[in-house]
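# Summary of the model geometry
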Amino acid sequence: MAILTFREALGQAMYEEMERDPSVFLMGEEVAQYNGAYKVSKGLLDKFGPERVIDSPISEAGFAGLGVGAAMTGLRPIIEMMTWNFGIQGFDQIINHAAKMLYMSGGQFPIPMVIRGPNGAAHMLSSQHSQAVDPFLTNVPGLKVVCPATPADGKGLLKAAIRDNNPVCFLESEMMYGMKGEVPDGEFLIPLGVGEIKKAGSDVTIITWGKTYHKVVKTVEQIEKEFGISVEILDPRTLLPLDENLIFQSVRKTHRVVIVEEAWGFASVGAQISDRIHNMCFDELDAPVERVSTDFVPVPYNEALEHEVLPNEDKIVKAVRRVIYAD
């Protein structure tokens, strides 16, 4: 075990996979000479050289498309988006080509490709740089979507994503890159599609992923002390495919659910989870599922307003109050 930051854990995963498999390469804006916009790829150019760590032009559609073509020829590209907000420029390649090529080619061309980068709001970056793209990507058959919350999950899931024969969208967060945690050394993989109970509890299940997991953790101690209840925290880790069985097991244990996500709530991953719970566990529920998401407005630049529209501790507490009928 080692204590690593989230960025170091991701860098270690890429280093180990590039060393293990010469078909793996990294491409993106500033990933080579500058060691990555967020220093996730630090040291990779020195180790693997400019043929495998490649600085791209500022053209997300261009290098996303190059990644699809490279994957079709048997390589395993890691395409870094400086932010998934910029990655929207590459959605034609990701959605119309990466996700559909295996199907449209009758199984001839798998696309073993990872597209990774920070997702959602950081801090005072305003509307065009603060979007959580989880719902866009999880609405596309052919993609896998991963959203780790801890350094250990970052390493284990990224290594599994690189080895997967399908296009994997890997959603990180600028706010998490400096967070530290224990990370297993060496060969450590977490299977895609397998969630985790981060904290066991008996009275309420809070389902959350990515950056919002840390807001939930900060809030749970207050909730348990104030209401005298036991909260279970469930992290799906992979949003597509979703570990529904783990979710159902938790719901059948606690009978109350709060879903916390950073995306807008309309037609979101949280909406899908809520729908599945109501369909499969309706008789187990002692209260309607509560959801906490970003207000349905463009994310403001102003710091106070940004805090107000994003999921925050006060909104989480109020949602828990509602499911335990404390209001």
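All residue numbers refer to position in the chain's written sequence, counted from 1. Local features in this predicted model are restricted to residues whose pLDDT is 70 or higher, and side-chain atom pairs enter the listing and the counts only when it is 80 or higher, whereas totals over whole chains, interfaces and linings include all residues. Hydrogens and water molecules were not included; the side-chain quantities draw on all heavy atoms of the structure.

## Some remarks on empty space enclosed by the protein
Gaps between atoms show up when a probe of the same size as a water molecule is rolled over them. Residues are said to line a cavity or pocket when one of their atoms sits within 4 Å of a point; the points come from a 1 Å grid over protein atoms alone, cavities being sets where a 1.4 Å probe fits but cannot get out and pockets being open sets with protein on both sides within 12 Å along at least five of seven lines. Grid points are joined across faces, edges and corners, and a volume is the space filled by probe spheres set on the points. Applying the stated rule across the entire model yields two cavities of 30 Å³ or more. When its volume is computed, the largest cavity comes out at roughly 80 Å³. What lines the largest cavity is simply Asn 119, Ala 132, Asp 134, Cys 147, Glu 172, Ser 173, Trp 209, Gly 210, Lys 211, Thr 212, Glu 261 and Glu 262. Residues of the lining of the largest cavity, tallied by class, amount to three nonpolar, four polar and five charged. The start and end points of each domain follow an automatic or database-based domain assignment. Counting contributing residues, the lining of the largest cavity receives three or more from each of domain 1 (2-183) and domain 2 (196-323). Three categories are distinguished: nonpolar for Ala, Val, Leu, Ile, Met, Phe, Trp, Tyr, Cys and Pro, charged for Asp, Glu, Lys and Arg, and polar for the others, with Gly belonging to the last.

## What to know about the packing of helix α3 (residues 60-72) against helix α5 (residues 91-98)
Interaxial distance between α3 and α5 falls to 8 Å at its minimum, and their mutual angle equals 25 degrees. Judged by the angle between their axes, α3 and α5 are roughly parallel. Every residue of α5 that contacts α3 at Ala 61, Ala 64, Gly 65 and Val 68 is listed here: Gln 93, His 97 and Ala 98. Tallied by class, the residues present in the contact of α3 with α5 amount to four nonpolar, three polar and no charged. Between N-to-C directions, angles cover 0 to 180 degrees, with each direction set by a line fitted to C-alpha atoms, over the stretch in contact for helices. Only DSSP runs of H or I covering at least 4 residues are called helices, and only runs of E covering at least 2 are called strands; the numbering of each starts at the N terminus. Orientation labels follow simple angle bins: below 35 degrees gives roughly parallel, above 145 gives roughly antiparallel, 65 to 115 gives roughly perpendicular, and whatever is left gives oblique. Working rule for contacts: check all heavy atoms of both residues, and any pair within 4.5 Å makes them a contact.

## Things to note about the environment of Lys 211
The residue Lys 211 is located in the loop between β10 (204-208) and α9 (212-227) in this model. Only protein chains enter the accessibility calculation, which uses a 1.4 Å probe; a residue whose area is less than 20% of its type maximum is buried, one above 50% is exposed, and one in between is partly exposed. Note on Lys 211: relative accessible area 13%, which makes it buried. Along the sequence, Lys 211 and Ala 9 sit 202 residues apart, while their C-alpha atoms lie 16 Å from each other. If sequence neighbours within four positions are ignored, Lys 211 has contacts with Asn 119, Ala 121, Ser 173, Met 175, Met 176 and Glu 262. Contacts described as polar in this section are N or O atom pairs within 3.5 Å, which, within protein, must combine one atom able to donate a hydrogen with one able to accept it, while residues neighboring in sequence count only if both atoms come from side chains. Separated by 2.6 Å, the side chains of Lys 211 and Glu 262 make a polar contact.

## Some remarks on the sheet that holds strand β2 (residues 24-28)
The strands that make up a sheet pair up through hydrogen bonds in the backbone, lying either parallel or antiparallel. When DSSP finds at least two bridges between two strands, those strands are taken to pair. Within the open sheet, the seven strands sit side by side as β3-β2-β4-β5-β7-β6-β12. Their pairing is mixed. Each edge of the open sheet is held by one strand with a lone partner, namely β3 (53-55) and β12 (238-240). Adjacent strand axes in the sheet meet at a mean angle of 20 degrees when their direction is disregarded. Note: strand β4 (residues 76-80) against strand β5 (residues 114-118), three bridges, orientation parallel. Paired with Ile 79 across the bridge in β5 is Ile 115. With respect to the sheet, helix α8 (residues 151-163) is in contact with β2, β4, β5, β6 (144-146), β7 (168-172) and β12, its orientation differing from that of β7 by roughly 160 degrees.

## Concerning the sheet that holds strand β9 (residues 196-199)
Pairing is mixed across the open sheet formed by five strands, whose spatial order is β9-β11-β10-β13-β14. The strands lining the two open edges of the sheet, one partner per strand, are β9 and β14 (290-294). Across the sheet, the axes of successive neighbouring strands diverge by a mean angle of 25 degrees, strand direction being ignored. Across four bridges, the pairing between β10 and strand β13 (residues 257-264) is parallel.

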